[in-house]
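# An overview of the molecular structure
Chain by chain, the residues:
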Amino acid sequence: MSSRRFSIDDRIDYSLILPVLLLLLIGIIAIYIAVSHDYPNNVWPIVGQQVAWIILGVFISFVVMFFNTHFLYRLTPWFYVLGLGLMILPLIFYSPDLVASTGAKNWVTIHGTTLFQPSEFMKMSYILMLSRVNVFYMQKHRDRERTIKLDLWLIVQLLLFTVPVMFLLFLQKDLGTALVFLAIFAGMILVSGVSWKIILPVTGTALAGFTAFMLTFATREGRAFFHHLGMQTYQINRILAWLHPFDYAQTTTYQQAQGQIAIGSGGVWGQGFNVSNLLVPVRESDMIFTVIAEDFGFVGCIVVIALYFLLIYRMLKITLKSNNQFYTYISTGFIMMLLFHIFENIGAVTGILPLTGIPLPFISQGGSAIISNLIGVGLILSMGYQNSLQEEKHIKPKRMRKKIILKQMK
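Bear in mind that the values here come from a model prediction, so they are computed numbers and not experimental data.

Further remarks concern the overall build of the protein. If you tally the helices and strands in the protein, you get 15 helices and 2 strands. Taking 22 Å as the expected radius of gyration for a compact globule of 410 residues, we find that the protein reaches 24 Å, a close match to that expectation. Seen through its C-alpha atoms, the protein measures out along the principal axes to roughly 90 × 55 × 45 Å. Residues classed as buried in the protein amount to 47% of the 410 residues present.

Pasting the structure below:
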């Protein structure tokens, strides 16, 4: 009786790779449309650069797929320290012009050349570190009954690795990215099994605080009060743009107003490939969804959202199949990160949420985000790869036993 040989190809989850490749292809097409109208002389350099980032990200993702649990677990603290070190760089090497336009020091710029955004890579290091803390905590207290005290101690440990990241983001004045880290943190808390006696009061307090903030912000005196406390002018303008996008359509809310008009002009089927009748600032990056809506309409938007749902579904299926705690936490963190990016980006360009400058995963122009997201995909593929290896170990002994039985019968 011949036994089947398992190859690398058998262990790769192509149903996870397919939606990622389709989203990357849609991103290239959308970026081409955006830059062909906004930067007609630099179309191919910009598109070519995006393709190069994708190729690099795919290569790194392929390498990460072969990482095993022990290797990742051991190197996680080093990835975390490296991530913190990189996040210090934008505070030293930055472009005054870029800071003036965005209000944040989140890009490393040297001699006028913008290189990368360290916080994008820190997201993956942060996910790994919180996953490691959770696993260590679960193993250490596996024989003890879960109590409120133990849950609070876990939260404290997670906060110890969250506060340094938030402090650096505060110095960078990057509120949008800070919200992403909070979403990851919340996801880790939920999946770790922390008691609802802690979660519900904290959630209630947060909602009450948000309500109080919005009621205060709605008044001119309230906005002056927040500005006096240190809230940046661009942050106040972004919230105002969310609340009243067409009141200041020619000045501070021009981007949001133009974006919403562009989305509406697409209708059901869109205006057609490479058609653009409106100028939407930075639509190749944060506002890329407006390009999809304008050219391919409601149908095109639904296709993109459906691909995201398919991707999340495949990730959840791989996660549920795995018995590896470390990978389960990693997958949870990455899924929370993607969900927040998708919800915030699409919500911002459609006027549901404030604009925070968060890119649309796999689609928006930008090397740091593309590579970081593909590293995350590599980690999920690694989980599936390890699942396949475990299944093979169970299959081989059964086949060997069948061979022995056959020999005995002969």
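Glancing now at helix α4 (residues 69-92). Between its terminal C-alpha atoms α4 stretches 35 Å, which fits the 34 Å expected from 24 residues at 1.5 Å a residue. Maximum bend of α4: about 45°, positioned at threonine 76, with proline proline 77 one to four residues after it. Regarding α4, the residues found buried are Leu72, Tyr73, Thr76, Tyr80, Gly83, Leu84, Met87 and Pro90. Of the residues flanking the start of α4, the one acting as N-cap is asparagine 68, its side-chain oxygen 3.3 Å from the backbone nitrogen of histidine 70.

Further remarks concern the pattern of salt bridges. Applying the stated criterion across every chain yields a total of 4 salt bridges. In this structure, glutamate 120 and lysine 123 form a salt bridge, with 3.1 Å as the shortest nitrogen-oxygen distance. You can see glutamate 120 and its partner lysine 123 sitting in helix α6 (residues 118-140), 3 residues apart, about one turn around the helix. Lysine 123 carries the same exposure label as glutamate 120, and that label is buried.

The next subject is the packing of helix α8 (residues 175-191) against helix α14 (residues 325-349). Direction vectors running N to C along α8 and α14 enclose 140°, while the axes themselves pass 8 Å from each other. Regarding the angle of α8 to α14, the classification is oblique. Relative to α14, α8 is oriented so that their crossing is right-handed. Facing α8, whose interface residues are Gly176, Leu179, Val180, Ala183, Ile184, Gly187, Met188 and Val191, α14 presents Tyr329, Thr332, Gly333, Met336, Met337, Phe340 and His341.

Moving on: the nonpolar core. Side chains of nonpolar character tend, in soluble globular proteins, to be buried together. By size, the foremost hydrophobic cluster in this structure holds 93 residues, and its most contacted members are Val165, Phe334 and Phe362. The residues touching phenylalanine 334, leaving out its near neighbours within four places in the chain, are Met124, Ile127, Met315, Asn373, Gly376, Val377 and Ile380. Within the second largest apolar cluster, 7 residues are counted, among which are Met214, Phe226, Ile236 and Leu240.

A separate point is a nonpolar patch on the surface. A contiguous nonpolar surface patch, about 530 Å² in accessible area, is contributed by Ile8, Leu56, Phe59, Phe62, Val63 and Phe66. Sort the elements by how many residues they give to the nonpolar patch and helix α3 (residues 43-64) lands first, with 4 residues. Within the secondary structure, isoleucine 8 sits in helix α1 (residues 8-11).

Our next topic: α14. Its 25 residues place the ends of α14 36 Å apart at the C-alpha level, agreeing with the 36 Å of an ideal helix rising 1.5 Å per residue. Of all 25 residues in α14, 19 are buried, a share of seventy percent or more. Just past α14, the residue glycine 351 takes up positive phi, approximately 90°.

Describing an aromatic ring pair means giving the distance of the ring centres and the angle of the ring planes. The tally for this structure, following the rule as stated, stands at 13 aromatic pairs. Here the aromatic rings of tyrosine 32 and tryptophan 44 are separated by 5.5 Å at their centres, their planes lie at 35°, and the arrangement is tilted. Placement of tyrosine 32 in helix α2 (residues 14-38) and of tryptophan 44 in helix α3 is noted, with a sequence separation of 12 residues between them. Taken together, the aromatic side chains of Phe213, Phe217, Phe225 and Phe226 make up a single cluster linked through ring pairs.

Moving on: the pairing of strand β2 (residues 113-116). As judged from the 3 bridges shared by strand β1 (residues 108-110) and β2, these two strands associate in the antiparallel manner. When the bridges of β2 are listed, threonine 109 appears paired with threonine 114.

The rules behind the values
- Residues numbered from 1 in each chain as written.
- Predicted model: local features only at pLDDT ≥ 70, side-chain atom pairs only at ≥ 80, totals over all residues.
- Heavy atoms only, no water.
- Helix = DSSP H or I, 4+ residues; strand = E, 2+ residues; numbered from the N terminus.
- Rg over C-alpha atoms; globule rule 2.2 N^0.38 Å.
- Buried < 20%, exposed > 50% of the residue type's maximum accessible area, 1.4 Å probe, protein only.
- Expected span 1.5 Å × (residues − 1).
- Bend = angle between axes of the 7 residues up to and from the residue.
- Polar contact = N/O pair within 3.5 Å; in protein donor to acceptor, adjacent residues only side chain to side chain.
- Salt bridge = Lys/Arg side-chain N within 4 Å of Asp/Glu carboxyl O.
- Axes fitted to C-alpha atoms, helices over the stretch in contact; angles between N-to-C directions.
- Parallel < 35°, antiparallel > 145°, perpendicular 65-115°, else oblique.
- Left-handed = near helix turned anticlockwise from the far one by under 90°.
- Contact = heavy atoms within 4.5 Å.
- Core = buried A, V, L, I, M, F, W, Y, C linked by side-chain atoms within 4.5 Å.
- Patch = residues over 30% accessible without salt bridge, like charges linked within 9 Å, V, L, I, M, F, W, Y side chains within 5 Å.
- Areas by Shrake-Rupley, 256 points an atom, 1.4 Å probe, with all protein chains shown as cover.
- Phe/Tyr/Trp six-rings, centres within 6.5 Å; stacked < 30°, edge-to-face > 60°.
- Pairing = 2+ DSSP bridges.

Geometric descriptors of this kind do not, in isolation, establish any biological role.
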